[in-house]
Amino acid sequence: MMKMCEPGMSRPTAAPATSRRLWLAAGVSALVMSGGAGHAAESKRDEAAASVEEVVVTARFRAENLQEVPDTIHSFSAETIENTGARSVADIARLVPNLSLVASQDAGLVTINIRGIGQVRNGEPPVAIQIDGVQLSSPDQIRQPLFDLESVEVLKGPQGALYGRNAIGGAILIHTRRPTNEFENVVEAGYAEGEDRTLQAVSSGPIIRNKLFFRVAADVRRADGQIYNITTRHNVDGVSEVNVRGRLLFTPTEAFTLDLRGSYANLKTGGAFVPLGNDSPNNTSVPVQAGLATDSSRHLTDVSLKADYVTPLGTLSSVSSYSETRVHLYEQLGAGIPKPTLSAMQLRPARAISEDLRLTSTSDRRVRYTVGAYWLRNEPDIVTTLYTLNSSFRPVLTIPVARTNNTAKAYAFYGQTNIDLSPELELTLAARYDHQKVDQVNALKGSATTSVSFDAVQPKVSLAYKFKPGASVYATYAEGFRSGGLNAPNPYFPLVYEAERTKSYEAGLKTTAFERTVVFDVAAYHTDFKNQAVFTLAPGAVQGITSIPSTTLYGLDASANWHVTSAFDLSAGLGWNHSRINNFDGTAKYVGNKSPGGYQSSFNLGAQYVATLAGHDVTARIDYSRKEGLYWHVDNADKQSPVDLVNARLIADLNDWKLSLYAINLLDEKHIEEFCAKEFCGGVQDLGWPSRPRQVGVSARYTF
């Protein structure tokens, strides 16, 4: 699997001395590798190529061989995550074809797209995201650093039967490292261009040996940023971030386990759109020029308790969680105005409590099953306010735009069974019933409550045939569901936007070749998509969601990993997605257009080589990616140019020490990360969100 780099927009100033020193270090390291690794390389080439190790995943709530699970799954080990430098869901998304994520102007806002099924602002993601078995309840929780990881699994295709209403396009399962029975301490510090300083620390060990264990991990980051504002003469993309996570694992008996997890995250960041005029969605020459710096912060607090008890019927699991999220955004209106007269503020507080109770049978039986029930109460509120500004950019007049208090109550019942019809043939049958009720109080107009409910049954049927160990073919039919909701009352948008539903057909092949040195997966899919959500920003900062009644999606996913020798690995991924709007408003309007927000094609290629120098392993890795065919809006008037990105990383393992030198967006590719045309943004000109420039950095880790 591959790490795709952050794109970039260069600051129009000379590189500082620190940057030149980092580039010099990169050149010296390259010379060391090319000259000093010669003998090591020869010895490695003489070794027989070992087979690829079996990858174990838990996508179906049990440990299974990845090649025998009838779903498209991309799995990343802790080593791969480290070697690619992935530290966020956005980074993971860049490793996977037919999956993309864009982080926009506030500390919580992201939009995810998987196989053409996307996410809109203020809407739920198209994938269910779990961290250590706890599903994120708010999209504002997605943009958080991922550190001290054990593995990540990305599942494609509807996964609602097991993972719920937001798994309409797939699921992302994130596993952090578990507490250990031996004491372990890690400290890592890093520095990169943009005065980007990071510090991580981990401590783990037993409180009562063999019974009670702890793990505490912290991540701190301070960065000045790299995107320059010619008006304020400061960088606009600075970051200040603190994240702390703690776990207690209690195993009083072999049959009973308690896993208590808590975390706190505080993020402050900024950024700015640039004015692109009209019909120039790929203009990267326009600098940031807003007179008022965007200011945004997000606070996350969550706690969860997972209990597992082994019974004769299987493992009974309970996952209870509570979370609080607060997002604040303050920015000027009008990206190209050095002296703004209007600004906007948005607050998005949310509280959620959930319970997931399930029974999972053991795996050593012909008929395996999982049954469960899920309950959620979520209270996401939105407050949007406009301000008129004086000559000092201070608010003078306050204009309330929206103030809604929302409550979503959801419950579900689900089950799945896997039946071995023969030693080679497996049948999977699954279904889930979801119910969600959304209540909204428009606080600007009294306390009257508006309510709407959504229901869905999500079935799944799959047949898989194992024609040799670690190789199978499969065919799957599955339905997906993402709940609808309520817009803030306004004259531009309907109050209710409908639930999204999909019917998906998939056929796939998973196999190995050349004495198991090559692993190859390919899958073709077809999806009928109903009520695809579309976001629009109307005049006066009024936001709303509408729906595309009918869209067709079909495409291809392919990936290959080649263990060339015990020292050299190659990996590649290919995604192709075709979309067609069948009906927009009952007329011929937009019929035949591509669905907005998703790439038509994506390609990854990665190479990793491990040399032994003076008795120590030195890993060199380089990754290339290309994405193209993204239409920004439903009218297809604006299309992103192809984006080609390169990442590189060099890691020296010196026993207790590990040193890294890396470059993100090595070739300094410039493109517009996010674009919004005036017709869909309620303004007088098109807006663009510039991507970040190349960043070179170093880090050092010490384990004791």
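Residues numbered from 1 in each chain as written. Predicted model: local features only at pLDDT ≥ 70, side-chain atom pairs only at ≥ 80, totals over all residues. Heavy atoms only, no water.

**Re the pairing of strand β25 (residues 449–468)**
Part 1: When strand β24 (residues 425–442) meets β25, the two strands line up antiparallel, connected through 17 bridges. Paired with Lys437 across the strands is Ser453, a residue of β25.
Part 2: Counting the residues in the hairpin turn of β24 and β25 gives six residues, including Gly446, whose phi is positive at 85°.
Part 3: In this antiparallel pair of consecutive strands, β25 and strand β26 (residues 471–482), the connection spans two residues, and Gly470 shows a positive phi of 75°. (Pairing = 2+ DSSP bridges. Helix = DSSP H or I, 4+ residues; strand = E, 2+ residues; numbered from the N terminus.)

**Focus: the sheet that holds strand β4 (residues 99–103)**
Part 1: The sheet built from three strands is open, its strands ordered β4-β5-β6 with antiparallel pairing. Only two strands of the sheet have a single neighbouring strand rather than two, namely β4 and β6 (117–118).
Part 2: Note: strand β5 (residues 110–114) against β6, two bridges, orientation antiparallel. Note on β6: the bridge partner recorded for Ile114 is Ile117.

**Considerations on the pairing of strand β21 (residues 342–360)**
Part 1: Note that strand β20 (residues 314–332) and β21 share 18 bridges and pair antiparallel. Bridge pairing in β21 links His328 to Leu347.
Part 2: By the bridge criterion, 17 bridges tie β21 to strand β22 (residues 367–389) in an arrangement that is antiparallel. Within β22, the position partnered with Arg358 by the bridge is Gly372.
Part 3: Between β21 and β22, which pair antiparallel in sequence order, lie six residues.

**What about empty space enclosed by the protein?**
Part 1: Using the criterion set out here, one finds 17 cavities of 30 Å³ or more in the structure.
Part 2: In this structure, the largest cavity encloses a volume near 560 Å³.
Part 3: Along its surface, the largest cavity is lined by 27 residues, and Thr111, Gln119, Val120, Gly597 and Trp632 are the ones closest to its centre.
Part 4: The residue inventory of the lining of the largest cavity, partitioned by class, reads 14 nonpolar, eight polar and five charged. (1 Å grid on protein atoms, 1.4 Å probe; cavity = no way out; pocket = protein on both sides within 12 Å on 5 of 7 lines; lining within 4 Å. Points joined across faces, edges and corners; volume = space filled by probe spheres on them. Nonpolar A, V, L, I, M, F, W, Y, C, P; charged D, E, K, R; others polar.)

**A short note on the state of the cysteines**
Part 1: Tallied over the entire structure, the rule returns one disulfide.
Part 2: Across a sulfur-sulfur distance of 1.5 Å, Cys676 and Cys681 are joined as a disulfide pair. Both residues of the pair, Cys676 and Cys681, belong to the buried class. (Disulfide = S-S within 2.5 Å. Buried < 20%, exposed > 50% of the residue type's maximum accessible area, 1.4 Å probe, protein only.)

**Some points on the sheet that holds strand β18 (residues 274–275)**
Part 1: Taken in spatial order, the three strands line up as β18-β38-β37 in an open sheet, and their pairing is antiparallel. Of all strands in the sheet, those with a lone pairing partner are β18 and β37 (672–676), marking the two edges.
Part 2: In this sheet, strand β38 (residues 687–690) lies alongside β18 in antiparallel orientation, the contact comprising two bridges. Paired with Val274 across the two strands is Gly688, which belongs to β38.

**Observations concerning the pattern of salt bridges**
Part 1: A complete count under the given rule lists 41 salt bridges for this structure.
Part 2: One salt bridge connects Arg177 with Asp148, and the closest N-O pair in it is separated by 3.8 Å. One end of the pair, Arg177, is in the loop between β10 (170–176) and β11 (184–192); the other, Asp148, is in the loop between β8 (134–135) and β9 (149–156), and 29 residues separate them in sequence.
Part 3: One salt bridge connects Glu182 with Arg209, and the closest N-O pair in it is separated by 3.2 Å. Taken together, the positions of Glu182 in the loop between β10 and β11 and Arg209 in the loop between β12 (196–208) and β13 (212–223) put the pair 27 residues apart, joining distant regions of the chain.
Part 4: Residue classification places Glu182 among the exposed residues on the basis of a relative accessible area of 52%.
Part 5: Given the relative accessible area of 43%, Arg209 is considered partly exposed. (Salt bridge = Lys/Arg side-chain N within 4 Å of Asp/Glu carboxyl O.)

**Side note on the packing of aromatic side chains**
Part 1: For the structure on display, the rule yields 15 aromatic pairs.
Part 2: A centroid spacing of 5.1 Å and a plane angle of 70° characterise the contact between Phe273 and Trp689, whose relative ring orientation is edge-to-face. Separated by 416 residues along the polypeptide, Phe273 in the loop between β17 (256–269) and β18 and Trp689 in strand β38 bring together distant segments of the chain.
Part 3: Ring centres 4.8 Å apart and planes at 75° place the aromatic pair Phe584 and Tyr590 in the edge-to-face group. (Phe/Tyr/Trp six-rings, centres within 6.5 Å; stacked < 30°, edge-to-face > 60°.)

**A word on the confidence of the model for the chain**
Part 1: On average, residues of the chain score 90 in pLDDT, and 93% of them reach the 70 mark or higher.
Part 2: In this model residues 1–49 is a low-confidence stretch, pLDDT under 50, and it forms 119 contacts with partners more than four residues away in sequence or in other chains. (pLDDT = per-residue confidence, 0-100. Contact = heavy atoms within 4.5 Å.)

**Describing the environment of Asn647**
Part 1: Along the chain, Asn647 falls in strand β35 (residues 643–654).
Part 2: For Asn647, a relative accessible area of 5% translates into the label buried.
Part 3: Spatially, the C-alpha atoms of Asn647 and Asn98 are 19 Å apart, while their sequence positions differ by 549 residues.
Part 4: For Asn647, the side chain forms a polar contact with the main-chain nitrogen of Asn665, separated by 3.0 Å. (Polar contact = N/O pair within 3.5 Å; in protein donor to acceptor, adjacent residues only side chain to side chain.)

**A word on unusual backbone geometry**
Part 1: Positive phi, close to 55°, is recorded for Glu515, a residue that is not glycine.
Part 2: Mapped onto the elements, Glu515 comes out in the loop between β29 (500–513) and β30 (518–538).
Part 3: Even without glycine at this site, Ala614 takes up a positive phi of about 55°.
Part 4: A relative accessible area of 79% places Ala614 in the exposed class.

**Side note on the nonpolar core**
Buried together is how nonpolar side chains tend to be arranged in soluble globular proteins.
Part 1: One finds Val152 and Ile174 to be the most contacted residues of the largest nonpolar core, which totals 25 residues.
Part 2: Elements that contribute at least two residues to this core include exactly α4 (89–93), β4, β5, β7 (127–131), β9 and β10.
Part 3: Ranked by residue count, the leading element in this core is α4, at four residues.
Part 4: Excluding residues within four positions of it along the chain, Ile174 makes contact with Val89, Ile129, Gln130, Ile131, Asp132, Leu146, Leu149, Ser151 and Val152.
Part 5: One finds Val288, Ile581, Leu630 and Phe680 within the second-largest nonpolar core, a separate group that totals 20 residues. (Core = buried A, V, L, I, M, F, W, Y, C linked by side-chain atoms within 4.5 Å.)

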